[in-house]
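Chain and residue survey
Single-letter residue listing:
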Amino acid sequence: MRKPLFLLVLFFSFSPLFAQYTETINSDRPGESQGAFAVGTQVLQLEAGGKFGSDEHNLLNTETNQFGVDYALRYGIFLEQLEISIRGTYLNSEVSMPVGGLIEKNSYANFESNTIGVKYLAFDPFKHLSDPKANLYSWKANNTKFKWRDLIPAVAVYAGLNVLSDDNPYLPPGQDAMSPKFAAITQHNWGRWVFVTNLIADMPTSDFPSYAGIFTLTHSINSRYSVFGEYQAIKSDFYADNIARLGGAFLLTKNLQFDLSGLINFKDTPSRWKVAMGVSYRLDMHSEDEIIIKNRNDKKKEEEEKEKEIEIEAQPE
């Protein structure tokens, strides 16, 4: 789920050396925010889930029952910091409205969202601000003491293209089927806690641009279970809202995760609730990490230099 499994890697790691690739799956489910870290080169990851819920609009006197599927296909390409993805939601809606003493129902279905995008990790504090005094044999020694550099987040940028059909009922009136989407992403890793922020500009070139902030806090209970809370604020002339999500995830294997979550909002035009269940699976074709290789070579070189020093000292004058 929301970066929890990247968190687990931090928690159980004995080394202060970090890279994009993690030993356990790094999923963005079940919340809406993206983590700053990519899945790693040659890693193909599928994240999908079903959801159902209802919207009740007090002014329009309508009730909309919805069920749909969220999906994300992510792949690490070329660099450890780089990821390409397809993310979206296919949604079926049934609107009920009283007309002349009867209830009229209208159904429609389409992609609520479908975005092809690229994410790049621009700054990784674990990589660029490594602790020269780190204890290679103790996680506790490295993580229980507060360090000012812990306040510095990992930073990533995201750019995408919304690809929808012209007759899509979920689009604002007159909206183009193709439009850009941008996001700035930060991620703090504090031991068992992870805090992620997404600042999003969606369809900024259209007549109805949408701006959002998503703030997600995840806590790892143990090596299998994690929970999260999330707040999302949306500002747009077409649709604005304040949304809260709660949920959790269960790690079955290092490449397979299940999740459960719920959603509510804080207004009645419409009032909303949803329940979702999902799964994340990773096809791991990742080769040995470049950073780890580099440090292993450095360690081997240091050992060879020490052996030479010992040989020199052992030689008679």
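Note that the structure is predicted; figures quoted are calculated from it, not measured.

Another aspect to go through is the overall build of the protein. Broken down by element type, the protein carries 4 helices and 12 strands. Within the protein, the proportion of its 317 residues that are buried is 45%. In the protein, the share of contacts with a sequence separation of at least 24, taken over all contacts with a separation of at least 6, comes to 59%. For the protein, the computed accessible surface area is about 17200 Å², with 61% contributed by carbon and sulfur atoms.

So, about the side chain of Ser54. Turning to its location among the elements, Ser54 is positioned in strand β1 (residues 43–57). For Ser54, a relative accessible area of 3% puts it in the buried group. One polar contact links Ser54 to Asn65, side chain to side chain, over a distance of 3.5 Å. Setting aside residues no more than four positions away along its own chain, Ser54 makes contact with Glu63, Thr64, Asn65, Ser271, Arg272 and Trp273.

This paragraph deals with the nonpolar core. Ranked by internal contacts, the top residues of the largest apolar core, which has 14 residues, are Ala36, Phe37, Leu121, Ala154, Ala156, Ile185 and Ile200. Of all elements in the fold, only β5 (154–163), β6 (178–190) and β8 (210–220) reach the threshold of two or more residues within this core. Beyond its immediate sequence surroundings of up to four residues, Ala154 is in contact with Ala36, Phe37, Leu121, Phe123, Pro125, Ile185, Thr186 and Gln187.

In this structure the tally under the stated criterion is 8 aromatic pairs. Seen in terms of ring centroids, Tyr71 and Phe111 are 6.3 Å apart; in terms of plane orientation they differ by 85°. Their pairing is edge-to-face. On the criterion of sequence distance, the pair formed by Tyr71 in strand β2 (residues 62–76) and Phe111 in strand β4 (residues 102–123) is long-range, its members being 40 residues apart. With 5.0 Å between their ring centres and 80° between their planes, Tyr90 and Phe111 make a pair best called edge-to-face. Pair noted here: Tyr90 is in strand β3 (residues 82–99) and Phe111 is in strand β4, with a separation of 21 residues, a long-range link. On the accessibility criterion, Tyr90 (38% relative accessible area) is partly exposed.

A separate point is the pattern of salt bridges. In the structure shown here, the tally under the stated rule is 11 salt bridges. A salt bridge links Lys119 to Glu83; its shortest N-O distance comes to 3.9 Å. Taken together, the residues Lys119 in strand β4 and Glu83 in strand β3 connect sequence positions 36 residues apart. Looking at Lys119, the relative accessible area reads 1%, which means it is buried. In this structure Glu83 comes out as buried when scored by relative accessible area, which is 0%.

Of note, Arg282 is situated in strand β12 (residues 271–284). With a relative accessible area of 1%, Arg282 lands in the buried category. A polar contact is formed between the side chain of Arg282 and the backbone oxygen of Glu23, at a distance of 3.0 Å. Engagement of the side chain of Arg282 in a polar contact is seen with the side chain of Asn255, the distance being 2.9 Å. Discounting residues that sit within four places of it in the chain, Arg282 has contacts with Tyr21, Thr22, Glu23, Thr24, Ile25, Val43, Leu44, Gln45, Lys254 and Asn255.

Note that β1 and β12 share 14 bridges and pair antiparallel. Note that in β12 the partner of Asp55 across the bridge is Arg272. Pairing of β1 with β2 involves 14 bridges; the strand directions are antiparallel. Considered in β2, the bridge of Leu44 is made with Tyr75. Two successive antiparallel strands, β1 and β2, enclose a turn made up of 4 residues, where Asn61 displays a positive phi of approximately 60°.

On to the confidence of the model for the protein. Scored by pLDDT, the protein comes out at a mean of 84, with 78% of its residues at no less than 70. Confidence over residues 3–19 falls short of pLDDT 50; this stretch has 61 contacts with residues more than four positions distant or in other chains. Throughout residues 290–296 the model reports pLDDT below 50, and contacts reaching past four residues in sequence, or to other chains, amount to 6 contacts.

Within the closed barrel, the 12 strands sit side by side as β1-β2-β3-β4-β5-β6-β7-β8-β9-β10-β11-β12. Their pairing is antiparallel. Ignoring which end each strand starts from, the neighbouring axes of this sheet average 20° apart.

What follows is about unusual backbone geometry. A cis amide bond, omega 5°, links Arg29 with the succeeding residue Pro30. Topologically, Pro30 is positioned in the loop between α1 (4–12) and β1. Geometrically, the link from Thr269 to Pro270 is a cis peptide bond, its omega value of 5° lying close to zero. Position of Pro270 relative to the elements: it lies in the loop between β11 (256–265) and β12. For Phe78, which is not glycine, the phi torsion reads 70° and is therefore positive.

Procedures and definitions
- Residues numbered from 1 in each chain as written.
- Predicted model: local features only at pLDDT ≥ 70, side-chain atom pairs only at ≥ 80, totals over all residues.
- Heavy atoms only, no water.
- Helix = DSSP H or I, 4+ residues; strand = E, 2+ residues; numbered from the N terminus.
- Buried < 20%, exposed > 50% of the residue type's maximum accessible area, 1.4 Å probe, protein only.
- Contact = heavy atoms within 4.5 Å.
- Areas by Shrake-Rupley, 256 points an atom, 1.4 Å probe, with all protein chains shown as cover.
- Polar contact = N/O pair within 3.5 Å; in protein donor to acceptor, adjacent residues only side chain to side chain.
- Core = buried A, V, L, I, M, F, W, Y, C linked by side-chain atoms within 4.5 Å.
- Phe/Tyr/Trp six-rings, centres within 6.5 Å; stacked < 30°, edge-to-face > 60°.
- Salt bridge = Lys/Arg side-chain N within 4 Å of Asp/Glu carboxyl O.
- Pairing = 2+ DSSP bridges.
- pLDDT = per-residue confidence, 0-100.
- Axes fitted to C-alpha atoms, helices over the stretch in contact; angles between N-to-C directions.

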